[in-house]
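A look at the structure
Chain residues, written in single-letter form:
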Amino acid sequence: MRSAVSDDMINVMLRQMGAVSIKTTPAYISIAKFEIGDLRLTYMYEVKDENIYLQRVDPYPMMIGKIYNDQQVVEIIAADLQRFKNAYNSSNFSRFIKIANDMSTINMEIENLFMRHNVAKSDLEELDIMMGEVHDKLAEMEEDSPFITKPAPEKTEE
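In this numbering scheme, every chain counts its residues from 1 along its sequence in written order. Under the rules for a predicted model, residues below a pLDDT of 70 receive no local features and side-chain atom pairs below 80 are neither given nor counted, while totals for whole chains, interfaces and linings still include all residues. Side-chain descriptors were evaluated using all non-hydrogen atoms of the structure, hydrogens and water having been removed beforehand.

1. Topic: the overall build of the protein chain
When helices and strands are tallied, the protein chain shows four helices and five strands. Secondary structure elements of the protein chain, listed N to C terminal, follow the sequence α-β-β-β-β-β-α-α-α. Note on exposure labels: buried denotes an accessible area under 20% of the residue type's maximum, exposed denotes more than 50%, and partly exposed covers the range between, all computed with a 1.4 Å probe on protein chains only. Buried residues in the protein chain amount to 29% of all 158 residues. Should any heavy atoms of two residues lie within 4.5 Å, those residues are considered in contact. The contacts in the protein chain between residues at least 6 apart in sequence include a share of 43% that link residues at least 24 apart. Runs of H or I in DSSP of at least four residues are treated as helices and runs of E of at least two as strands, each being numbered from the N terminus.

If you want it as structure tokens, here you go:
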């Protein structure tokens, strides 16, 4: 019964926040959709026993993680929505969405490559160096760029 109660409470709070659609399956997997202008944000969460698993599905997929209570799910989604509302007005927003989607595609391509091919050690080393350069560039950009919002609440890990 805990799953049904948690799921219902989360759904009520998300509707109050402006969800345009919430669908729940019998397995307590819910999909909540929000709109910011022409942008659709979609979240999927599963309430299972005492745990809640949350991910953003759209505009690009991102696993948010294991959450431990209803209120935390709502707070994380609310903070995420607010960040997207702020970013949506940026002249760079469409480029950001493209880069985020490209990164998701690259992640799938890397997995497909390594699961289906015996990749040479030298190619792995080269890819590792390139990924290090991307991480370094992101750290540099973060250091050089002012905050537009405060950081989101942290999720609790096991």
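2. Here we look at helix α3 (residues 93-116)
Two residues of an α-helix separated by three or four positions point the same way, owing to the 3.6 residues in each turn. Expected helix span is given by 1.5 Å per residue-to-residue step, counting one fewer step than there are residues. Its 24 residues place the ends of α3 35 Å apart at the C-alpha level, agreeing with the 34 Å of an ideal helix rising 1.5 Å per residue. Of the residues making up α3, those classed as buried are Phe-93, Ile-97, Ala-100 and Ser-104.

3. Looking at the environment of Arg-15
The residue Arg-15 is located in helix α1 (residues 2-16) in this model. Judged by its relative accessible area of 47%, Arg-15 falls in the partly exposed class. It is 8.7 Å that separates the C-alpha atoms of Arg-15 and Ala-32, two residues lying 17 residues apart in sequence.

4. Some thoughts on the confidence of the model for the protein chain
If pLDDT is low for a region, its predicted coordinates should not be looked at in detail. What pLDDT conveys is the predictor's confidence in a given residue, as a value from 0 to 100. For the protein chain, mean pLDDT is 85; residues scoring 70 or higher make up 89% of the total. Averaged pLDDT values for the elements of the protein chain fall to 70 in α1 and rise to 94 in helix α4 (residues 121-144).

5. Describing a nonpolar patch on the surface
Residues enter patches when their relative accessible area tops 30% and they take part in no salt bridge; the joining distance is 9 Å for like charges and 5 Å for the nonpolar side chains Val, Leu, Ile, Met, Phe, Trp and Tyr. Methods summary: accessible areas were calculated by the Shrake-Rupley approach with a probe of 1.4 Å, and residue burial reflects only the protein chains presented. Each reported salt bridge corresponds to a side-chain nitrogen of Lys or Arg within 4 Å of a carboxyl oxygen of Asp or Glu. On the surface, a nonpolar cluster with roughly 250 Å² of combined accessible area is contributed by Ile-99, Met-103 and Ile-106. Of note, Met-103 is situated in helix α3.

6. Concerning the nonpolar core
Across soluble globular proteins, nonpolar side chains have a tendency to be buried as a group. To form a nonpolar core, buried Ala, Val, Leu, Ile, Met, Phe, Trp, Tyr and Cys residues must be joined to one another through side-chain atoms within 4.5 Å. The biggest cluster of nonpolar side chains holds 27 residues, and the ones touching the most others in it are Leu-14, Phe-34, Tyr-45 and Leu-54. Among the elements that take part in this core, helix α2 (residues 70-88) stands out by supplying six residues, more than any other. Beyond its immediate sequence surroundings of up to four residues, Leu-14 is in contact with Ala-19, Ile-22, Ala-32, Phe-34, Tyr-45, Val-74 and Ile-77.

7. Thoughts on the packing of aromatic side chains
Aromatic ring pairs: the centre-centre distance and the angle between the two ring planes describe each pair. Planes of paired rings set the category: under 30 degrees apart is stacked, over 60 is edge-to-face and the rest tilted, where pairs are Phe, Tyr or Trp rings (Trp by its six-membered ring) whose centres lie within 6.5 Å. Using the criterion set out here, one finds six aromatic pairs in the structure. On the numbers, 6.1 Å between centres and 40° between planes, the contact of Phe-93 with Phe-96 is tilted. Separated by three residues within a single helix, Phe-93 and Phe-96 lie in helix α3, roughly one turn from each other. For Phe-96, a relative accessible area of 36% gives the class partly exposed. The rings of Tyr-60, Phe-84, Tyr-88, Phe-93 and Phe-96 are connected pair by pair, giving a single aromatic cluster.

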